[in-house]
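# Architecture at a glance
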Amino acid sequence: MGRKKTQIKAIQGAEARQASFSKRRSGIFKKASELCTLCAVETALVIFSPGGKPYSFGHPSVDAVMNRFGLPGNPAADTIREAEANQERVIRELNKNYSDLVDQLDAEKKRGKKLEQLMKENMGRSNWFCTPSDELSHNELKVRQSAMENLHGDLMKEMKRRVAQTSASSAAVNSAGATDPPGPDPTGGNSSFDLNLSCSE
């Protein structure tokens, strides 16, 4: 046999009625709280006991819910709705700013890693260039020789450019009628410069 359906009717006796009210009031408030948590809703319950004592439950509060769903044109309800809309707007802006800051932080971290890698590579090149020749392998010596030859070629081109520029300036002065005797050769009479390459410790 199935469960017998309980007939719903008024409870006779003040004490029995009060006991049933207390038990069922706690149960309905618990169900309302679960509904708010599960469904993210706002709820307001107001119950009067058989003796006329009021009991209420509200989320976020009874007053907030009553003001929000009060009569149209209620100044308090309009103020609360405006405040809630402004709060949601501020929260969205804060979330966007937070997201932008996180993206900027990630970009700066990546940039820092790249700079660190470049610094390590440059330090590696500097140490390689200053390493004594007897500590380098045959391939490293060939690379160093090629780099030195390229550097020497660049320096010779720069020296020729400056000599040509000096000669052009001297010719311009002579054509203008300058009679001052030529000064001493800043190179000491030598046509070539000594190239001194060293690595600081």
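You'll find the structure just up there.
Residues numbered from 1 in each chain as written. Predicted model: local features only at pLDDT ≥ 70, side-chain atom pairs only at ≥ 80, totals over all residues. Heavy atoms only, no water.

Helix and strand counts for the chain come out as four helices and two strands. Along its sequence from the N terminus, the chain presents helices and strands in the succession α-β-β-α-α-α. Each of the 201 residues in the chain was classed as buried or not, and the buried ones make up 7%. Sequence-distant contacts, at least 24 apart, represent 28% of the contacts inside the chain between residues at least 6 apart. Entry remark: accessible area of the chain is about 17400 Å², with carbon and sulfur atoms responsible for 56%. (Helix = DSSP H or I, 4+ residues; strand = E, 2+ residues; numbered from the N terminus. Buried < 20%, exposed > 50% of the residue type's maximum accessible area, 1.4 Å probe, protein only. Contact = heavy atoms within 4.5 Å. Areas by Shrake-Rupley, 256 points an atom, 1.4 Å probe, with all protein chains shown as cover.)

Glancing now at the pairing of strand E2 (residues 54-59). Taken together, the six bridges between strand E1 (residues 43-48) and E2 define a ladder with antiparallel strand orientation. Paired with phenylalanine 48 across the strands is proline 54, a residue of E2. In this antiparallel pair of consecutive strands, E1 and E2, the connection spans five residues, and glycine 52 shows a positive phi of 95°. (Pairing = 2+ DSSP bridges.)

Attention now moves to the pattern of salt bridges. In total, this model carries three salt bridges according to the counting rule given. A salt bridge links glutamate 158 to arginine 161; the nearest nitrogen and oxygen atoms lie 2.6 Å apart. Of this pair, glutamate 158 and arginine 161 both sit in helix H4 (residues 138-175), three residues apart, which is roughly one turn of the helix. Taking relative accessible area as the criterion, glutamate 158 reaches 28% and is therefore assigned partly exposed. Across the pair arginine 162 and glutamate 158 runs a salt bridge, and its minimum N-O distance is 2.9 Å. With a gap of four residues between them, arginine 162 and glutamate 158 both fall in helix H4, about one helical turn apart. Classification of arginine 162 by relative accessible area gives exposed; the value is 52%. Residues joined in a network through salt bridges with shared partners are Glu158, Arg161 and Arg162. (Salt bridge = Lys/Arg side-chain N within 4 Å of Asp/Glu carboxyl O.)

We now examine unusual backbone geometry. A cis amide bond, omega 5°, links histidine 59 with the succeeding residue proline 60. Among the secondary structure elements, proline 60 is positioned in the loop between E2 and helix H2 (62-68).

Among the surface-exposed residues, Lys109, Lys110, Lys113 and Lys114 lie close enough to one another that they form a single positively charged patch. Along the chain, lysine 110 falls in helix H3 (residues 75-130). (Patch = residues over 30% accessible without salt bridge, like charges linked within 9 Å, V, L, I, M, F, W, Y side chains within 5 Å. Lys, Arg positive; Asp, Glu negative; His and termini not counted. Charge placed at Lys NZ, Arg CZ, Asp CG, Glu CD.)

All right, on to helix H1 (residues 14-39) then. Helix length check: H1 (26 residues) gives 37 Å between terminal C-alpha atoms against 38 Å at 1.5 Å per residue, within 8%. Along H1, the positions that sit buried rather than exposed are Ser20, Phe21, Arg25, Phe29, Ala32 and Cys36. If you follow the buried residues of H1, they end up packed against E1 and E2. After H1 finishes, the residue alanine 40 shows a positive phi value of roughly 55°. (Expected span 1.5 Å × (residues − 1).)

What follows deals with the packing of aromatic side chains. Here the structure, examined in full by the defined rule, presents two aromatic pairs. Their ring planes at 55° and their centres at 5.8 Å tell us that phenylalanine 21 and tyrosine 55 sit as a pair that is tilted. In this pair, phenylalanine 21 sits in helix H1 while tyrosine 55 sits in strand E2, placing the two residues 34 residues apart along the sequence. Residue classification places phenylalanine 21 among the buried residues on the basis of a relative accessible area of 15%. The ring of tyrosine 55 has arginine 25 lying over it, and the distance from NZ or CZ to the ring centre is 4.1 Å. (Phe/Tyr/Trp six-rings, centres within 6.5 Å; stacked < 30°, edge-to-face > 60°. Lys NZ or Arg CZ within 6 Å of the ring centre and 35° of its normal.)

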